[in-house]
Each structure stands twice: as C-alpha cells, then as structure tokens.
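The primary structure of each chain is shown beneath.
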Amino acid sequence: MQNNQLKRHPPLFNDPAWRSRVMTGLVFTILLWPALVLTEFKPWLLLDAQSIYATSRFLGNFFPPAHDPEFLDVVISSTWQTIAMATTGSVLAMLAAIPMTFIVNEQLSISSLGRHQTHWLARLIRQIVRWILVLLRSVPELVWALLLVRIVGLGPTAGVLAIALTYSGMLGKVYAEIIEASEPRATKILLENGCSRMQAFFYGTLPNAAPELISYTIYRWECAIRGSVVMGFVGAGGLGQRMDESMKMLAGGEVSTILIVFVLLVGVADIISYLFRRGLE
Amino acid sequence: MTAPQLRLQNLFVQHPDAVAAVFEGKQPALKNNSKFALHDINLTIARGEQIAIIGPSGAGKTTLLHTLAFAHQASSGVITFNEKSPWELSSSERHDLRRQLFLAPQTPPLPARQRVVTAILAGKLPQWSFATALRNLIKPVAPLEAYQALSRFNLQDKLYARVDKLSGGERQRCGLARLLLSNAQLLLVDEPLSALDPQLAAQTLETLQQEASTRNASLICSLHQVDHARNKFTRIIGLREGKIQFDSRQVTDQMIADLYQNTLPEMKTDAYPLVSHIDKPVCY
Amino acid sequence: MTAPQLRLQNLFVQHPDAVAAVFEGKQPALKNNSKFALHDINLTIARGEQIAIIGPSGAGKTTLLHTLAFAHQASSGVITFNEKSPWELSSSERHDLRRQLFLAPQTPPLPARQRVVTAILAGKLPQWSFATALRNLIKPVAPLEAYQALSRFNLQDKLYARVDKLSGGERQRCGLARLLLSNAQLLLVDEPLSALDPQLAAQTLETLQQEASTRNASLICSLHQVDHARNKFTRIIGLREGKIQFDSRQVTDQMIADLYQNTLPEMKTDAYPLVSHIDKPVCY
Amino acid sequence: QQVLRVSAIPDEAPTELQRKFKPLGAYLEKKLGVKVEFIPVTDYAASVEGLINHKLDMVWFGGFTFVQANVRSRGQIVPLVQREEDEKFQSVFITSKGDINKLEDLKGKTFSFGSESSTSGHLMPRSYLLAAKINPDTDLKRIAFSGAHDATVAAVAGGKVDAGALNISVWEKLIAQNKIDTKQVHVFYTTPGYFDYNWSVRADMPSEMQKKITEAFLTLNPASPQDKEILELQRTKRFIPTKTENYKAIEAAAHNAGLLK
Amino acid sequence: MKHTNSNFNEYADMPQPPAMIELKTALALLALIVLTVASFLSVNIDWNNLFSNEAMRSSKEFLLGFAPPDLSSNLLNKVSLATLETLAMSALGTAIAAAFGLALAVPASGRFGIIAKHGTRLFLNFFRAVPELVWASVMLIAAGLGPFAGTIALAAHTSGVLGRLFAETLENLPKECESTLRINGSSATTAFLYASLFQALPQLLSYTLYRWENNIRAAAILGVVGAGGLGQMLKYHLSLFQMPTAATVIIAMLILVAMVDALSLWMRRHLTD
Ligand SMILES: Nc1ncnc2c1ncn2[C@@H]1O[C@H](COP(=O)(O)OP(=O)(O)OP(=O)(O)O)[C@@H](O)[C@H]1O
Ligand SMILES: Nc1ncnc2c1ncn2[C@@H]1O[C@H](COP(=O)(O)OP(=O)(O)OP(=O)(O)O)[C@@H](O)[C@H]1O
Ligand SMILES: [Mg+2]
Ligand SMILES: [Mg+2]
C-alpha cells in the first residue's frame, strides 16, 4: 500500500527541506567540537573539591555587603554618575542610529517595491552604511575611549562618546533587524498605496515593532550602565570603576553592595520597559 | 478620456519563489507546469470603468491586482498607466504614480494595537505632509472624515476601537473605509465581500461603486460572488490558471461553468481511502 | 446517543476589553448598549448533528464558536460537553477535553515561513507524543496523510510550499486540511468558504460534511452563504446582536430577511456628503 | 586662576591614590599658588597620553611609564623629583605554593604580573626572569596581568595563580597593615635595585614653574608634623631631585625584554 | 475649527475620543525626559574640544600611529591563535546561553503561570545584572586561569540577557497561531514549537547572533582579567604603545565581527526562509 502510494507520488517523501536542515545541524555540531577543545571545556573542574572550597571562600567574602556610610556615599554618587553617563551615551547613540536604521532597512525600500531585486545604487548605499555600523560597533569601547581621551581629554566626555559610538553601531543594526523581522504586510500595503517611507514606518511598522524596539533600547541603556567599566579607563568614575577597584582588591563586601545596586538598576530598567510596552497596549 | 487609463500588453508575471515550489518539474500531476502566475495578459481599461475579476482560487486574481498597482514587476510585457510606463520611470517617479491608485488587499493587513481611526486615516497619508502624519498619531486630525467613512459601512461606533478587537467582517470593512479617504483615481479591491453577510455585501458593493463613479475613478474588483459580478458590473474578466478566459460585457452561464469547471479534477470522493483507514507510514 | 454532546444554558459571554470599547456609557447611539457579545444562549447539540450558524457581521458567530471550544469563558451560564462542565474541571482536565474538538478559525493563523506540510500536520499534535512532534519538525513523519488531506481540497501540489506564498483561497483550504488530520468529535468551523470560488466552496463544504459524518462528529459551521446553509444543513441557527434569533430546521425567507434586515439603519446613500466634497477641518 | 592638573599611574586602587594625594595636593596648592586638581585614571596608557597631549600637567610615573612617555613624546618629558627609595627600588616574587622556592621552579606554572605598563610589577620581574633563562611567554603555563600590585597579592592569596610579582613597597605596606597571612603567602625572590617612580612634567612647562614644584617637594621636612603626614602617605622620608639619565637602565631593560620597540 | 465644530454637532453620535496616552505612561515619559536632561547637564559634554583643530591634529596623529599594521608572521600566528580562541570562547558561550536562555524564556514569558514567570525573571535578572567581568572573576577562582572560565562567564551573563530578550519577544508575538493549536488540544510545549517558535525564530536567531558579536568584544574584555584571547593581546600591546601590533589585533577583531555579521545575515536569510 505504502509502496503504491510512493510510486504514485514520487516527490511525496522527498521533503525538499529536510536534507539541508540535517546538514545545518551537522555543520553546527562539527563546528562546536573544536570550540570545546580550544576553550579547554572541562565543566567537571568546577566540581573539584579545591575549587569549590576556593570559590565558596571567595563568595563568603560577599557577606555582609559593605555598608559603612562613607562607602555608601561613594556608591550613591557613583550611581548617579553612571546613570547620567549611560543615559547621555545611549541617547546620543540612539540619535545617531535612527537615521542609519532607515537607510539599512530593506522593508521600507521603495525602489525594491514589486521587484525582485533592489536598485544597485540603493544596495551600494545600504552596504556602505552597513559597513559603517560594523566599524562602529566592532572597535572595542576601550579603543574608542583611548582615542577620545586624546581628543577631548580625560573625563566623562570621552567615556560618554565611546559609549555613544559603539552603541550607535549596535542599535542601528538591531533596530534594522527588529524591523525586518516584524510583520511586513501592513507596511507594504501603505507603500504600495503611495505613502512615503517615513509615513509607512510610523503607520505600518512602528505599531508592530514598537514593543520590541522599546525593550531593546532600554536593555541597551542597562548595558551602558554595566559598561561603565570602560569609563574607568578615562577617569570618568562611576560604578564600573568602583566595581573594578573592589574586584581587584577582592573586597567581596564592596562588590556585593555594588552588585545589589546593579540588580536594582536592572530591575528598574525592566519596570520602565514594562510600563512603556503596556502604555502601547 | 480618449487615452485608456491603464493598458497591459503581453504581460507575463512570475512569483519570485514560484520556481522552487514546483519541485523542479519532478511533480507529475501538476496542473500548471509553467512557473508563470499570469500568462500573456492583454487589457485596456478606460478611466471610470467598473470591472469585476472572477475566477477559481489560485487563478491569479490577487497577482493581477498587485501587478496593476505596480506592486509586482512583470517578467515581460508592457504596463501603461495614464500613458506612463511605471517600470521605466525612476523609483521615486513610480512612487508618485502610486498615489493615484489605491489597492485594498484581500485580508486587510492592519497592525495590531492600532486604533480604527488611525488605521483608516492612513488612507490619507499620500496626501499628507510628514508633519501632519506625525501629528495625526498624537491626535487624529480628521476624526470626522474617518467617522463618515466608517458610517458608510455602518461601523461608526468602532471609531476608537482597536483593530485587533474587531470581528472578521468589521475588520474587512475597516480596510475598505480607508479607501474612501484616499483620493485615488484607480481603485483596486481584492475580494471586498468575502467576510460579509449577504445584505452587508450588497450595500458595501453599492458604496464602493458609488464612490468610484462619484470621483470618476476606475474600480477593479476581484470577486467570488458571481451573482454580484453579473448584476452589478458591466464588464467581467474571467481568469483561470493565469490566463484571461474571457473579458466580456455579456457573460453566459456556460462561460461561468467553463471558468470554474473541474476545479477538483482528481477529487473523486472515494479515490483516496479516508486518512484514518489507510496504512500508516512505518516511520512512526 | 441519548445524552447531548454539547449543551449551553443561559450563557452570557463578554469580551475582556469590550467594556472599555463602550466608553463607559458616553456613547449615545450604540446599537447594542450591553457589554455582552452573547446574550442568554441556550443550545443542545447531539453528536453527529450538522449545524450552520448564520447572522450579520458582528453578530457574535465567532464568539459563539470560541465559547463552544472553551477558548472563551462565559460570564455566566453553564456549558456541558459530553456531560462534563469544562470550566469546573482543572485546567489540565479541560485541556484534555479540548483534544476531542477542533476549531478552524475565520482566517487561519498560520505562522509565516512555515511550510504547508508542517502547518497541516500540526492538526495531529494532540495525538502525538512530544518526541514525534519534535521529529516531525525535522522531517515530516506523515507526509502521506498531509498529502491526502490536501488532495481532498485539490491543494496537493502545494505540499511543500510556504504558507505565506499561498493565495487567499489556498491558505483557507490549508487551514481546513488540518481539520482532516485531527480526530476530533466536534468540528467547529468559522466561515470556511469565505475566500473560495462558488464551485470550490460547494466541494469544500461537501468534504467537510462527509468527513464529519464518516467519523460521526458534530459539525458546527458559521457561514455567510445563506443558500449553502439552507440547502446543505438541516439545522440552522440565526444569530443577531448576540442573541439567538432562531434555531430551526425550517427556515423561511422571512426569517432570513428579518435576520439581516436593516443592517445599515443609518445608511441613506446621500445622507452624508461625500467625503471629498465636505469642508475640510481647518486643522490641517 | 591657573590649574595644575595632576594624575598618577593607577598602580594601586584609584581611591587609595586619591586618598594619598589629598594632603599633598593641598600643600602644593599653597606653595605654588595655583589650583591643583587630581584626575584619576584606571589605565596606565591614559596617563601617558594625557601628559603628552596637554590634558594633564604633572603625573606620578613609574620608571617604565616615564620611559614610554619620554620616547613617545620624543624627549619632551622631564622628571623632577623622586623619593629616596626610588633610587634603589625592588620587586618581590611571591607564591602560596610550597614547591616554588626559586625562579626556575616557575616553569609550567601560572603567573601573574601587575599591570602591563608597570615597572616593578612587569618590566623588571620579566627582565629578571629572562636573566634566569625563563621566557614568561613560552615557559610558563599561562601569564595574566592583574592590573595592580595589591590585586596581584589578592590573586596569589586567592589561589587564582601559582605565583606573582609586585612592588616591594606595596608588599611591605600590606604586611604592616596586617593584610597578609605570611604563612600562606611568602616571598621567594627579591630583585636587585633599580630606578623607579618619579614626578614628571612636560618640557614646555615654564622653567620657573618647574623650579617651584621641585622646590616644593624638596622642602618637605619629615621633622614638621604636617609634612610628615604627607611624606608618610607617599611612603618615604624625603624627596630628591632626579634626571632623565637615571632611567637609561630601565629603557635598556625594556628594549631587552621586547617591551619597547 | 469653526467647520469642525458645526460638523461635530451634526454628527452628535460620533464617539468621543478616549485619552490617547494614559496618565501613567505620560508620567513615565516625563520622567524619562527629565532624566535625559539632567544627565546631559550633569555630564556636560565638551563639544568645543571635540571639534577643535587641536583635536583633529592629535587624533590624526594617534590614528597614524597605528599604520602600518605589524604583519610579521610570528605575530600573525599569535593573532590567529588568539582569534580562534576568542571565537571559540564567544561561540561556545553564546551557544550554551542560547540553549539556557530559550529554556528559561518559555516560563519567563508567562506560559507556565505567573509564579513561574516572576520566579524565572528574578533569576534571569540576577544573571544579567552581574557583569561578565564579575562572573569571570568568580570563574577564574573556580576553574583557574584560561578560556574555560571566560566561556562559562560569558554563558552565565548571556543566558540572563538572552533569556530576557527571548521572553519579551515571545510575549510580544501575536497570539492567534499558538492559541489556535492550544484550543484544538495541543500541549503547551508542542503548540509553542509549532507556532510561536516559528514566528519568533528570526528574531531569536538575530538576538543570538547579535549577542555573539557582542560576546566577541566581551571576550576581549575578559582577556584583560586573564581569560586569554584577542583581548589580552590588545590590552598588552596598547599598554606598551605598540600601536602597529595593536592595529593588527584590532583588524583581527574587525574581521571577526564582520564575519559574524555576514554569517548572521546569511543565516537569517537561509535558516529562516
Ligand atoms: N508570494 C508568492 N510566491 C509564490 N507563489 C505565489 C505567491 N503568491 C501567490 N502565489 C501562487 O500564484 C498563484 C496565483 O495566486 P493569487 O494569489 O494571484 O491567486 P488568486 O486568484 O488571488 O486566488 P484566491 O482566490 O485563492 O485568492 C497561486 O498558485 C499561488 O499559489
Ligand atoms: N477581542 C475582542 N474584544 C472586544 N470586542 C470584541 C473582540 N472580538 C470581537 N469583539 C466584538 O464582539 C462582537 C461579536 O464579534 P464576533 O467576532 O463574534 O462577530 P462575528 O459574528 O463573527 O462577525 P463576522 O461575521 O464579522 O466575523 C463584535 O461587535 C465585535 O466587535
Ligand atoms: Mg487572492
Ligand atoms: Mg467572525
């Protein structure tokens, strides 16, 4: 019976996609193997008695968190510094990223409407901006910070700009990808009826993509707070620098106080993100 | 009004990925072995005409409407709109041309969470400056017009409802109300009546036709309701397997029967044993 | 077959956000001032019955079908399925009950990029173990069944196509083909024919009814095609503004006319000036 | 009002540096009649760049950072004063492992330097390791840079690495403060002496100002209780003048160790 | 406005517009603006200095210091080894994190009830709030120096990040596809696999790939505390002002990130199509 069916419908059991699917899986496994070797991946080492002892002694240091008023004073002022720098850096990054997002994005392309390939000039411009984004985000913050120290001197400006540069590259790319992954039909139909790119974006894309965009932007802000370690390199201060110092000293109590502040800030970021997304509902 | 508004000559249209879907010819029982969704289409449409497109599912009605809206480039052939060839223009000129037409798709793609009023006023976007468009997002600038457009489909009480809270038919009418706010001269409407009850369907079609004749726009409407097509439209185009079967003002019952005949050639009700009775493939 | 398969008593159903949509009573001319989408529904359905639900757009057909599928909890009233009250069970028991029914929604929500074969075989998920479900994502475990189900809607050549590359009617049939793979005893189908041409619509309805009677399942089908409802179904329920207008085996033309009458009470064709002619509000 | 922007290489925790500098800054402000501002950095290179690029006016350099700054600015950096001890500075090698008793035992072990740019935490230990025929890049299992002297001690004490090298004065300070359990961590090698830290300015600073600064440092008197506090924080008895030539040996060691090209 | 008003009278039954923004949202927005302004004032960016001639000259000098990159074969060998190490560390860390992240995102998106949701979120928040550097320090003690500690540190922090991003993506998805399968009796997990996962896949994939790029840079920072790879080399050579050598390392990083970028684009096109 089955054979008969097979003969009558030869392509039936030839799922055209499954071979490539299995191949992809195989390639991934094969690629992961050398990674395991290169990183000396031996998880059982973690369970070895000596390392458990060392770790628990180190973590034991974390309690109680440091809470002498002098240190708390430092932590509070560092926290504000960090928030201020992270906010400034992220806002600048956002301002720079948004125009680039519009250029890179293909869903909003008018020249490719109804055609199966894009105009070469559009492709070229898009590729150039894509490379700028790659360049911006693949140069480590550290290098940006060092370069900027020479230009603007030691202080928060260098740190803020380093964050703004790197993060604009990241935001530009992620914004573009979020927009591309969102439901395209609402945007397409507006474009097809003659709306401009921007109009189609605000009326078709944004309602679909807004929650995701908000989540990501606020997440980036939060990364900027954690990333304030970099600020330390240029003498801008902030929580990251405090953390770095306490870490180097293995001052567990101080580290845990700062970690608590980090966890609180992350919680705040989550709540803000939630409030805004609910505001959209 | 002497020159036709729209003219298609020897148009062949292909979907970008349609080739892959055909199993590279390995499929023996394929209805239509060609990779073209539309074959050799020739059409001339004068401004103000009202045309119904009918044909079986998968015939290419939606593809044809998209092609007419330059939302889909043909593989070969010529399309002329108001004596211009959109695909020979630069993309921004072509985009300007798009303001003169309005395409209402089969299932209106309205972004979830948007309100009806915003969704409908989006029909005015091509006429608006960017600033107005932005302002309208903060507070609707022309709620009255939206309200009037909705009233004509008896949906006025949903003015500020969210589009994802509408019933199927309400959603469809919401998509059509957007059309009333555009100022297009060519209205391309894809199955506007599919989710509507008979009474509402008749009234909706009436509204569309009235709107088209008031602004002297052409109306091209794909339909499955053959009765409506024959009673309300003077010109009917029958499409089947990507080819124009007829394009006529006098459509006979026989022509209709031929158009839809044999849509399920293989379906003899007991040719396939019922799924639950056949031997299961061994693999599970 | 003595006990009814499904029984609804004094059911009132409300949409979670419908209250907000009514603007807390500020709305003067609301057709239906109550916040209930369904009012005082009483129904008894025996296993194997085939029932059509008709009614104007927004009447509550979709809401009723969702309520029957326990996808929507009623505000008050009793629903019994096979002598069990789903809302009095624990949620896992209720979920087990859901395996016995199948709801095919109005526009089949199929994830873009998924292929037809996967989308259809999803109909078998309730019968499958988790391992089989996983395996099927890698390689379809029952392509033959999917193929046969598609054949019955003449869609077999789209077996491996992507669902977002289908035409409107093809997509709808794809959603229905999923039904054939389920083994449910209660089939709830929401406007299955809306995107199909007349010929295909008749054949599709035929297939659904045949399938239902073969497995002795009940079939409850919302429809806008009154003719089909009257010719093919013995029992017809007329729904209007959330109330059952009639539930009868003998439906007269007058009952139909009453059901749909006056859907557009305010629409006098020239009561409203055409939008393009009225004074534009000065604000833009 | 004129501002003198001062910084220091971050060989210790920046808070510690700031604490150490506070009374000295007040003293200089009084003596020089300009505002003195301390700008902390956590990166050695940033302090070097800062001085060269007119973003800083005076920096507390290590021997190696001074050489780097001098080379990078093509001789535009002038060392003014140094502490008495800096003429004969030393590094210590420490370990918590019983089986490490001499430099040769380090083969195949993990080892931590301080900062890459540190004289006493990297350059000189490396150069004495090389002298003992141990190439840190190939003969050790893995090397790390803890970033600061006290961090090296913490890493060794915490068992992160088998051994480490640091500045003797920080080591002695930690011992004095009872922050180290000497039973657990012990010194197994102490290097010979070399020139280290100094206070440097740019050559384009008015010579009058240079003179005033030098004067201010040299007149710090351990007999006066106020000055004594400053000197104690700097961990010295008195400051002495210094000159570029003092650091030739460091420069040679850096070339030799491949740290200066 | 006159016209509008008279028209409003004619159409008296037109619904009143509801408030466009809720009070809470408006307040949150206001707070955000205040925060931004306060931050800008507090940071007080030195724009003048940024665009001065002096700045141009010194940045040009600094950049020229990098040229020409050091291409000696000895260094290239070292760099390529470090590149592989960084790549392996970041790839493995990200892969582990993606698996954990997805497993945690399902409860965190509220699919197993409100308690599971908030419980997992708390857990995810903690993993995310602790920076990689701190994880690395803990792991360096637990696992000793080397890339293994770095990998685990990356995996731990990234699990928290991806878990949260995934959870929000899953929450933001349109619900119809999954709920249809659920109504028809599929289990929560299979319905999730067949509908939501499918819809979310491009987004999840791009977050993962994108996080991978991030982790290449993070791996670089970890190198500084002793986890090896390109980061340790970069810090070393920058500290020693060996700019041409540092340039080679930076170029290696650029190539690495660009490669991952291209791979990400390719994967999104081909794996999700
Ligand atoms: N994006 C696409 N990619 C590939 N093939 C497609 C695509 N869209 C449609 N098709 C195929 O092209 C043919 C014509 O589709 P079209 O949507 O024009 O049909 P239709 O006449 O509108 O049918 P319906 O009445 O079902 O809506 C169908 O066979 C369909 O499967
Ligand atoms: N999610 C929702 N929230 C609030 N109101 C809703 C929601 N879904 C539907 N409604 C409202 O409930 C009423 C009944 O809707 P339902 O979808 O059941 O109608 P229907 O009979 O299926 O209509 P159609 O024929 O247009 O599909 C309508 O007035 C609709 O606007
Ligand atoms: Mg169609
Ligand atoms: Mg409905």
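Residues numbered from 1 in each chain as written. Chains lettered and ligands numbered in written order. Predicted model: local features only at pLDDT ≥ 70, side-chain atom pairs only at ≥ 80, totals over all residues. Heavy atoms only, no water.

> Mind laying out the side chain of Ser 90 of chain E, listing which residues take part and the relevant values?
Residue and element names in this part refer to chain E. Positionally, Ser 90 belongs in helix H5 (residues 73–108). On the accessibility criterion, Ser 90 (0% relative accessible area) is buried. Here Ser 90 is in contact with Leu 154, Trp 212, Asn 215 and Ile 216, once residues within four sequence places are set aside. (Helix = DSSP H or I, 4+ residues; strand = E, 2+ residues; numbered from the N terminus. Buried < 20%, exposed > 50% of the residue type's maximum accessible area, 1.4 Å probe, protein only. Contact = heavy atoms within 4.5 Å.)

> Could you give me a rundown of the domain arrangement of chain A, with the residues and numbers involved?
One can read the domain layout of chain A as domain 1 (2–49) and domain 2 (69–280). Each of domain 1 of chain A and domain 2 of chain A has a C-alpha centre, and these two points are 35 Å apart. (Domains from an automatic or database assignment.)

> Lay out the packing of aromatic side chains with the relevant residues and their values.
Inspection of the entire model under this criterion finds 32 aromatic pairs over all chains. Aromatic pair Tyr 216 of chain A and Tyr 219 of chain A: ring centres 5.6 Å apart, planes at 65°, arrangement edge-to-face. One end of the pair, Tyr 216 of chain A, and the other, Tyr 219 of chain A, are both in helix H9 (residues 197–226), three residues apart, so they sit about a helical turn from each other. Looking at Tyr 216 of chain A, the relative accessible area reads 0%, which means it is buried. Both rings, one in Phe 62 of chain E and one in Phe 66 of chain E, keep their centres 5.3 Å apart while their planes meet at 90°; by these two values the pair is edge-to-face. For the pair Phe 62 of chain E and Phe 66 of chain E, one class covers both residues: buried. Chaining the aromatic ring pairs together yields one cluster made of Phe 21, Phe 38, Trp 60, Phe 89, Tyr 194, Tyr 197, Trp 199, Phe 217 and Phe 239 of chain D. Over the aromatic face of Tyr 167 of chain A sits the side chain of Arg 220 of chain A, whose NZ or CZ is 4.7 Å from the ring centroid. (Phe/Tyr/Trp six-rings, centres within 6.5 Å; stacked < 30°, edge-to-face > 60°. Lys NZ or Arg CZ within 6 Å of the ring centre and 35° of its normal.)

> If you had to explain the nonpolar core to someone new, which residues and values would you point to?
Among the nonpolar cores identified, the biggest contains 294 residues, and Leu 4, Leu 106, Trp 199, Ile 213 and Phe 217 of chain D are the most heavily contacted of them. Ranked by residues supplied to this core, first place goes to helix H10 (residues 188–227) of chain E with 19 residues. For Phe 217 of chain D, the contacting residues outside a window of four places in its chain are Leu 24, Leu 28, Met 58, Val 81, Trp 199 and Phe 239 of chain D. By size, the runner-up hydrophobic cluster in this structure holds 69 residues, among which are Leu 150, Ala 161, Leu 166 and Leu 219 of chain B. (Core = buried A, V, L, I, M, F, W, Y, C linked by side-chain atoms within 4.5 Å.)

> I'd like a description of the interface of chain A and chain D, backed by residues and values.
Listed per partner, the contact involves 18 residues of chain A and 24 residues of chain D. Of the roughly 1800 Å² buried where chain A meets chain D, counting both sides, 59% is carbon and sulfur surface. Residue Arg 142 of chain D is joined to Glu 40 of chain A by a salt bridge in which the shortest nitrogen-to-oxygen separation is 3.4 Å. Within the residue set of the side of chain A that touches chain D, elements represented by two or more residues are helix H6 (141–152), helix H10 (229–233) and helix H11 (239–248) of chain A. Here the side of chain A that touches chain D gets five residues from one element, more than from any other, and that element is H6 of chain A. Here the side of chain A that touches chain D is built from residues that sort into eight nonpolar, four polar and six charged. (Buried area = accessible area lost by both parts, 1.4 Å probe. Salt bridge = Lys/Arg side-chain N within 4 Å of Asp/Glu carboxyl O. Nonpolar A, V, L, I, M, F, W, Y, C, P; charged D, E, K, R; others polar.)

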